[in-house]
Amino acid sequence: MKFLSIKAFSIFVLASAFFSGGISAAEQQYTREALIPEYLGFYVHFSNTKAFFDELEKSPLGRLWNDEKMRKLTDDYELSAGVKDMLTPCDDDNTRQVNELFWKNLSLLEGEVIVSLSDEASLEPELLFISQSTPERYKENVELDMKSAEISKKDKFQTGFHEFQGVELFCLSKEDDTEECLYQAYVNGTAIQSADKEWIEKTVMTLKNSSGAQEPSGAPYAEIVIKTEAFAEFLKNYLPGASDSEDEEDDQAEQKNYPAASSELQAPQTAAPKAKAPTKQDILNALGLGEISEIRLKITPSKDKVTLALTVDGVPKDMSGLWSILDGGQAGDFRLPYAPAETYSYQVSKINLKKFWAEIPLMLKKINPAYEMQFRGGLMMAQAQLGFDIGADIIDPFGQTFASCDYCDEDGSAKRVSAIQIADKKTMAMTLERIFAESSPIAASARNLISSEKYLDRDLYLIKIPDPQANMPGAAKSPAQKNPLQDVAFVIDGQNLYMGNAQGVRKTLQSIDSKSRTDLFFESQAFTKFYPSIPDQSVYWGIIVWEPFFKVCKNTFNASPEAKKSLESLWNSRSQLSDRKYSFAGKPFALNIKEMPEPSFFASYVKYSTFWTKFEDGKMESVLNIYSPDGNPTK
């Protein structure tokens, strides 16, 4: 049963399950998450709503947003007012009154809350609430619901009460559709709300037979939870050309337009393989995504940091499909020779290019053997034109450790230098020489863009990349920016292939040959304090220093006034896409880049960040920590 046909009033009744209070039962026999029906595939869970928003306000991000200088940048826009405008649009005085009652309810929010607006089978709206409550708060919210039903003129509602097993059920429905009703009930410290009467009655019995809820412990958090079928349905929306059903007739109908291998890519005597059109679930299985059981994004704010943790359950144990590229083992402590003090992002990962390259035809074959043949045929033609074998000459020679360093250069622009380890140095050197040779097909088609030279006794290979901002009106050109073509360089040294901005690659070679230190980032507080907190099992990790990052942002806007105006115009034009009246904020969110504070201002609130990814027992965990200057990491 779907409640959301009660359209205009639905946003208000969300508040009826958001209650305060608590219970102190002698025995705690259930958790509120365990009450969620199996068919529900998406929900949001607050462990303690009031505490969560209090901590968010005190967190580095909350304090940053509320600072006076930040309010100038955002044109004194209140974030809470913007949220109200977005969630409760208002086009008349009557709606405004209903909205104000809605937000009055939410202002009293406390305790654990679980809310869902979608089922897993169809992703259609399905309203459900489970909330910590007290009898007094439940009564107050029912009274507010009834009052809102009375004053709502746009949609006419009726209210009523029913009894089930000695528990009073409050029901709200439209006058012209009494079949659909939103039920509410309160039992033993928990309030529930849903249009699914069967679930309401089942949950009432569960609550009556229990002595209380096991309240969440630890730091307050908010979670977005997506379960198996909801995730699969979401992905299937982006998988065109496959059947939604396992039904044979549907597959046969789909087969009429299902592609076979192109005759141009086959031997003349070979017939195109006939394959049953795959279902969208077949495609997910081939990609290694079919076993995912749950995805959780958990946000935990505190005074010193904000943590975002993404977990994915159901990663294939053999790391097949798309996961194969991350099947390279522990990333470890890999250090680039050139990592200047102004580094704002340093990242290291273990990637398995050989396994991923081998997985591509396997994934295609599982979907349809014809796709594999098309891939192999297209690859053969591409390699014939390029003059080398992509797998044997490029993929196979690579190792598995990859690192990159992003830094703010002396001219204030962003630069990057990366390195990837090489397993077969001889083959990789021959491949680069072949690609950049004057007689190569690539050189012939891009003769003015690629070149090579000797630098410190190494072969340095260069590609000129157009600077997208160089020719913009109003762009300021420093001496380093006079040439609208920026050089990207490749060079082999030892067992590493270095690549990136040519200036940075040259400095890397200078660092290798010089006795002077140019890897100052590794002596900084960012590295010495925060690297030890990164788990040893990480396949990917990184450290961010926010001050030089904001310096790059500010210098980018200062170098191009036209770019700054374009961004402001693009951002502020969003308000012109709607003629909605703003009942709370009174104005849209404006961005005044001319009021952008100095980089040191941002760094006074958010100083460092760490991020990492690891796999364990079929689960992927990715964590981002945003620290204040006083934040201390824990492993």
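Per chain, residue numbering runs from 1 following the sequence as it is written. Given that this is a predicted model, residues contribute local features only at a pLDDT of at least 70 and side-chain atom pairs are listed and counted only at 80 or more, while totals for whole chains, interfaces and linings are drawn from all residues. The side-chain values count all of the structure's non-hydrogen atoms but skip hydrogen atoms and water molecules.

Caption draft 1: Just the overall build of the protein, in detail. To qualify as a helix, a DSSP run of H or I must reach at least 4 residues; to qualify as a strand, a run of E must reach at least 2; elements of each kind are numbered from the N terminus. Helix and strand counts for the protein come out as 21 helices and 20 strands. Scored against the burial criterion, the 635 residues of the protein give a buried share of 48%. Computed by Shrake-Rupley with a 1.4 Å probe, the accessible areas treat only the displayed protein chains as cover when residues are assessed. Carbon and sulfur atoms make up 52% of the accessible area of the protein, which amounts to about 31400 Å² in all. Only protein chains enter the accessibility calculation, which uses a 1.4 Å probe; a residue whose area is less than 20% of its type maximum is buried, one above 50% is exposed, and one in between is partly exposed.

Caption draft 2: Summary view of the side chain of Thr203. Take Thr203: it is sitting in helix α8 (residues 197-208). Assessed through its relative accessible area of 3%, Thr203 is described here as buried. With residues near it in sequence (within four places) discarded, Thr203 still touches Leu35 and Ile192. The contact criterion used throughout is that any non-hydrogen atoms of two residues lie within 4.5 Å.

Caption draft 3: Spotlight on the packing of aromatic side chains. Geometry of aromatic contacts follows a simple scheme: Phe, Tyr and Trp rings, the Trp one being its six-membered ring, pair when their centres are within 6.5 Å, and the pair is stacked under 30 degrees between planes, edge-to-face over 60, tilted otherwise. In total, this model carries 28 aromatic pairs according to the counting rule given. With 5.1 Å between their ring centres and 85 degrees between their planes, Phe522 and Phe527 make a pair best called edge-to-face. Assessed through its relative accessible area of 5%, Phe522 is described here as buried. A residue is classified by how much of its surface remains accessible, and Phe527, at 3% relative accessible area, is buried. Measuring from centroid to centroid gives 5.3 Å for Phe601 and Phe602, while their planes differ by 70 degrees, and the two rings are edge-to-face. Feature note: the residues Tyr344, Trp546, Phe549, Phe550, Phe601, Phe602 and Tyr605 constitute an aromatic cluster, connected by ring pairs. Over the ring of Tyr221 we find Lys298; its NZ or CZ atom is 4.3 Å from the centre of that ring. Either the NZ atom of lysine or the CZ atom of arginine qualifies as a charge over a ring when it sits within 6 Å of the ring centre and within 35 degrees of the ring normal.

Caption draft 4: Inspection of helix α11 (residues 280-287) at higher detail. Restricting attention to buried positions, one finds in α11 the residues Lys280, Ile283, Leu284, Ala286 and Leu287. Seen along its axis, α11 keeps its buried residues to an arc of 160 degrees; they face one direction. Positive phi shows up at Gly288, right after α11, with a value of about 85 degrees. Directions drawn from the helix axis to the C-beta atoms are what define this arc.

Caption draft 5: Structural detail: the environment of Leu322. Note that Leu322 resides in the loop between β10 (305-313) and β11 (343-350). What makes Leu322 partly exposed here is its relative accessible area of 38%. Through-space distance from the C-alpha of Leu322 to that of Ala286 is 8.9 Å; in sequence the pair is 36 residues apart. The residues contacting Leu322, other than those within four sequence positions of it, are Leu287, Leu289, Phe356 and Met363.

Caption draft 6: Representation of the pattern of salt bridges in the model. Definition used for salt bridges: Asp or Glu carboxyl oxygen within 4 Å of a side-chain nitrogen of Lys or Arg. Taken as a whole, this structure holds 23 salt bridges when the rule is applied. Close ionic contact of Arg434 with Asp393 constitutes a salt bridge, the shortest N to O distance being 3.3 Å. With Arg434 in helix α15 (residues 425-436) and Asp393 in helix α14 (residues 390-395), this pair connects stretches of sequence that are 41 residues apart. We classify Asp393 as buried; its relative accessible area is 13%. Residue Asp493 is joined to Arg458 by a salt bridge in which the shortest nitrogen-to-oxygen separation is 2.8 Å.

Caption draft 7: Region of interest: the state of the cysteines. Here, the term disulfide refers to a pair of cysteine sulfur atoms separated by no more than 2.5 Å. Under the defined criterion, the tally for this structure stands at 1 disulfide. Sulfur-sulfur distance for the disulfide between Cys171 and Cys181 comes to 1.3 Å. Residue Cys171 is found in strand β5 (residues 167-174), and its partner Cys181 is found in strand β6 (residues 177-187); the two are separated by 10 residues along the sequence. Assigned by exposure class, Cys171 and Cys181 land together as buried. For Cys553, which is in no disulfide, the shortest distance to another cysteine sulfur is to Cys408 and amounts to 9.8 Å. Judged by its relative accessible area of 23%, Cys553 falls in the partly exposed class.

Caption draft 8: Inspection of the packing of α11 against helix α12 (residues 353-367) at higher detail. Between α11 and α12, the shortest axis-to-axis distance is 9 Å and the interhelical angle comes to 160 degrees. Classified by the angle their axes make, α11 and α12 are roughly antiparallel. Remark: the crossing between α11 and α12 carries right-handed chirality. Residue-level inspection shows Ile283, Ala286 and Leu287 of α11 in contact with α12, the latter providing Met363, Lys366 and Ile367. The classification used treats Ala, Val, Leu, Ile, Met, Phe, Trp, Tyr, Cys and Pro as nonpolar, Asp, Glu, Lys and Arg as charged, and all other residues, Gly among them, as polar. Its residues assigned to classes, the contact of α11 with α12 shows 5 nonpolar, no polar and 1 charged. For helices, the fitted line uses only the C-alpha atoms of the stretch in contact; every axis is such a line through C-alpha atoms, and the angle between N-to-C directions lies from 0 to 180 degrees. The cut-offs work like this: below 35 degrees is roughly parallel, past 145 is roughly antiparallel, 65 to 115 is roughly perpendicular, and the gaps in between are oblique. Handedness of a crossing follows from how the near helix is turned relative to the far one, being left-handed for an anticlockwise turn of less than a right angle and right-handed for a clockwise one.

Caption draft 9: Inspection of the nonpolar core at higher detail. In terms of nonpolar packing, the biggest core is built from 36 residues, with Leu336, Tyr346, Phe521, Trp541 and Ile543 touching the most fellow members. Non-local contacts of Tyr346, meaning those with residues more than four positions away in its chain, are made with Phe334, Arg335, Leu336, Ala339, Ala403, Ser404, Cys405, Phe521, Phe522, Trp541, Gly542 and Ile543. Buried residues of nine kinds, namely Ala, Val, Leu, Ile, Met, Phe, Trp, Tyr and Cys, make up a nonpolar core once their side-chain atoms join them within 4.5 Å. Within the second largest apolar cluster, 23 residues are counted, among which are Ile36, Leu169, Tyr183 and Val204.

Caption draft 10: A look at the packing of α12 against helix α13 (residues 369-386). Where α12 meets α13, the closest approach of the two axes is 5 Å, and the angle between their N-to-C directions is 140 degrees. Of the possible angle classes, the one that applies to α12 and α13 is oblique. The residues of α13 that touch α12, namely those facing Trp357, Ile360, Pro361, Leu364, Lys365 and Ile367, are Pro369, Tyr371, Glu372, Phe375, Arg376 and Leu379. Of the residues assigned to the contact of α12 with α13, the class counts are 9 nonpolar, no polar and 3 charged.

Honestly, that's just the spatial picture; any functional story needs more than this.
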